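In case you want the letters, here they are:
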Amino acid sequence: MAAPNMADREGLIWLDGKFVDWKDAKVHVLTHTLHYGMGVFEGVRAYETADGPAIFRLQDHTDRLFRSAHILQMDMPYTKEEVNQAHIDAIKSNNLNHAYIRPMAFYGSEGMGLRADSLNVHLMVAAWEWPAYMGEEAREIGIKVRTSSYTRHHVNISMTKAKANGNYMNSMLALREALASGCEEALLLDPEGFVAEGSGENIFIVRNGVIYTPELTSCLDGITRNTIMQFAEELGYKMVEKRITRDEIYVCDEAFFTGTAAEVLPICELDGRKLGEGRRGPVTTIMQEKYFKTVLGQDPAKSDWLTLCK
């Protein structure tokens, strides 16, 4: 089945401070970000709870969006409060019970060339129903991963703490390579050969009851990553951030990816080597269950992480 055309949908998109019809949310072909990749974005999810649709860790996503813009010296034309409200209104205006939300700040068509100094920062927020990144079977069995021949960006090349549009060309190349080899995801190494992250996910491994994740050098400071680290602390696990080599993953007891799209996704195989029992492990299962309990509004202790769209 062909993927739906994202431009041919019904609904409303928040663009530069007002809602416009989905099909009319357009920019010029000479939009600067389209040519040079200088823009920042977020991936945010809203889940259906007993109290209605709720956005998971909205303020944290908006804070990171603004940090990314600051790193790239993009002056945001709206306040964080206005951006948060645009997320809520995008859910309400489109009558969504659950959704993926995409805010993006980008340069317009006010100028062309690397030296363009007349550019304006534009902002959009779109929300739509988007199924889980992987199916239910992948959540239980896990996915096959390949170490990519493409290297994750050096920290002083493209500013790896910014969730920047242009950075994801690297991710697309890595993912396409992995898919072509029969795997479902890619694992990227940093310029020194240590494990960085997936094409769009952070990675965790478990060995002898200890949970490890790469240091925040060339990998993104993921919000789901932070969520899992807080869970680990609350549940009494020893949580270690350190440099990880790919062969450490080969001999781990279990491994999993995390991300807004991936949620908590087990890894059953890396580079043709079975990891642990070759399926979702007990720690991954606990983290998965706690994650979904939280995002579905079933953990009162984490209610402050949910923004109800009323």
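Trainee: Quick one: what's the story with the packing of helix α6 (residues 223-234) against helix α8 (residues 282-295), residue by residue and with numbers?
Mentor: For the pair α6 and α8, the least separation of the axes is 11 Å and the interaxial angle reads 110°. Here α6 is positioned roughly perpendicular relative to α8, judged by the angle of their axes. The chirality of how α6 crosses α8 is right-handed. Taking contact as the criterion, the partners of Thr 224, Thr 227, Ile 228, Phe 231, Ala 232 and Glu 234 in α6 are, on α8, Met 287, Lys 290, Tyr 291 and Thr 294.

Trainee: Summarise the side chain of Asp 190; cite the residues concerned and give the values.
Mentor: Structurally, the position occupied by Asp 190 is in the loop between β9 (185-189) and β10 (195-198). This buried residue, Asp 190, is left without a salt bridge; Arg 243 holds the nearest opposite charge, at 5.1 Å.

Trainee: I'd like a description of the pairing of β9, backed by residues and values.
Mentor: Buried residues dominate β9, accounting for 5 of its 5 residues. Burial along β9 is two-sided: Glu 185, Leu 187 and Leu 189 and Ala 186 and Leu 188, pointing in opposite directions, are all buried. The pairing of strand β8 (residues 143-151) with β9 spans 4 bridges and is classified as parallel. Bridge pairing links Val 145 to Glu 185 in β9. Chirality of the crossover, the property in question, places the unit of β8, helix α5 (residues 168-180) and β9 among those that are right-handed. Bridge count between β9 and β10: 3 bridges; the pairing is antiparallel. Pairing of Leu 189 across the sheet is with Val 195, part of β10. Joining the antiparallel neighbours β9 and β10 is a turn of 5 residues, in which Gly 193 adopts a positive phi near 90°.

Trainee: Give a description of α8 that names residues and reports values.
Mentor: In this model α8 runs 20 Å from its N-terminal to its C-terminal C-alpha over 14 residues, within 8% of the 20 Å that 1.5 Å per residue would give. Among the 14 residues of α8, 10 are classified as buried, and the element is accordingly described as predominantly covered. Listed in full, the buried residues belonging to α8 are Val 283, Thr 284, Thr 285, Met 287, Gln 288, Lys 290, Tyr 291, Phe 292, Thr 294 and Val 295. One or two residues past the end of α8 sits Gly 297, with phi positive at roughly 75°.

Trainee: Any chance you could break down the packing of aromatic side chains for me, citing the residues and the numbers?
Mentor: Scanning the model with the defined rule gives 11 aromatic pairs in all. Of the aromatic side chains, those joined through ring pairs into one cluster are Phe 56, Phe 231, Tyr 291, Phe 292 and Trp 305. Note that Arg 57 overlies the ring of Trp 305, its terminal NZ or CZ placed 4.4 Å from the centroid. The residue whose ring lies beneath Lys 302 is Trp 305, and the NZ or CZ to ring-centre distance is 5.4 Å.

Trainee: So what's going on with the pattern of salt bridges? Which residues, and what values?
Mentor: All chains considered together, the criterion is met by 17 salt bridges. Arg 45 is paired through a salt bridge with Glu 263; the nearest N and O atoms lie 3.9 Å apart. Of this pair, Arg 45 sits in strand β4 (residues 44-49) while Glu 263 sits in strand β15 (residues 263-270), placing them 218 residues apart in sequence. Accessibility classification places Arg 45 together with Glu 263 in one group, the buried group. Across the pair Lys 242 and Glu 248 runs a salt bridge, and its minimum N-O distance is 2.8 Å. Because the salt bridges share partners, they merge into one network encompassing Arg 45, Glu 136, Arg 139 and Glu 263.

Trainee: An account of the environment of Leu 30 is requested, with residue identities and associated values reported.
Mentor: Relative to the elements of secondary structure, Leu 30 occurs in the loop between β2 (18-21) and α1 (32-36). Taking the relative accessible area as the measure of exposure, Leu 30 reaches 42% and is therefore partly exposed. Through-space distance from the C-alpha of Leu 30 to that of Gly 108 is 7.9 Å; in sequence the pair is 78 residues apart.

Trainee: Account for the pairing of strand β11 (residues 202-207), naming residues and giving values.
Mentor: Within β11, 5 of the 6 residues are buried, which leaves the element mostly enclosed by the surrounding structure. Bridge count between β11 and strand β14 (residues 254-259): 5 bridges; the pairing is antiparallel. Bridging across to β14, Phe 204 finds its partner in Phe 256. Here β11 pairs with strand β12 (residues 210-213) via 3 bridges, running antiparallel. Residue pairing in the sheet places Ile 205 in a bridge with Tyr 212 of β12. From the end of β11 to the start of β12, which pair antiparallel, there are 2 residues, and Asn 208 there has a positive phi angle of about 55°.

What counts as what
- Per chain, the residues get numbers from 1 upward, laid out in the order the sequence is written.
- Local features are withheld for residues below a pLDDT of 70 in this predicted model, meaning they are given only at 70 or higher, and side-chain atom pairs are given and counted only at 80 or more; totals for whole chains, interfaces and linings count all residues.
- Side-chain metrics rest on all non-hydrogen atoms present in the structure, leaving aside hydrogens and water.
- Structural elements are reduced to axes, namely lines fitted to C-alpha atoms, with helices fitted over the stretch in contact, and the angle between N-to-C directions of any two is expressed from 0 to 180 degrees.
- What counts as a helix is a DSSP run of H or I of at least four residues, what counts as a strand is a run of E of at least two, and both are numbered from the N terminus.
- Our angle categories are set so that under 35 degrees counts as roughly parallel, over 145 as roughly antiparallel, 65 to 115 as roughly perpendicular, and the remainder as oblique.
- When the near helix sits turned anticlockwise from the far one by under a right angle, the crossing is termed left-handed; a clockwise turn instead gives a right-handed crossing.
- Residue contacts follow a heavy-atom distance rule, with two residues in contact if any of their heavy atoms lie within 4.5 Å.
- Burial here depends on accessible area, computed with a 1.4 Å probe over protein chains only, as a share of the maximum for the residue type. Under 20% is buried, over 50% is exposed, and the range in between is partly exposed.
- A positive count includes Lys and Arg, and a negative count includes Asp and Glu. His and the chain ends are not counted in either.
- Here a salt bridge means any side-chain nitrogen of Lys or Arg lying within 4 Å of a carboxyl oxygen belonging to Asp or Glu.
- Strand pairing requires that DSSP identify at least two bridges connecting the strands.
- Seen with its strands pointing away from the viewer, a crossover is right-handed if its path from the first strand over the helix to the second goes clockwise.
- For a helix, the expected span equals 1.5 Å multiplied by the number of residues minus one.
- Classification of ring pairs uses Phe, Tyr and Trp, with its six-membered ring standing for Trp, and accepts pairs whose centres are within 6.5 Å; under 30 degrees between planes counts as stacked, over 60 as edge-to-face, and the remaining range as tilted.
- For a ring to carry a charge above it, either NZ of a lysine or CZ of an arginine must fall within 6 Å of the ring centroid while also lying within 35 degrees of the normal to the ring plane.

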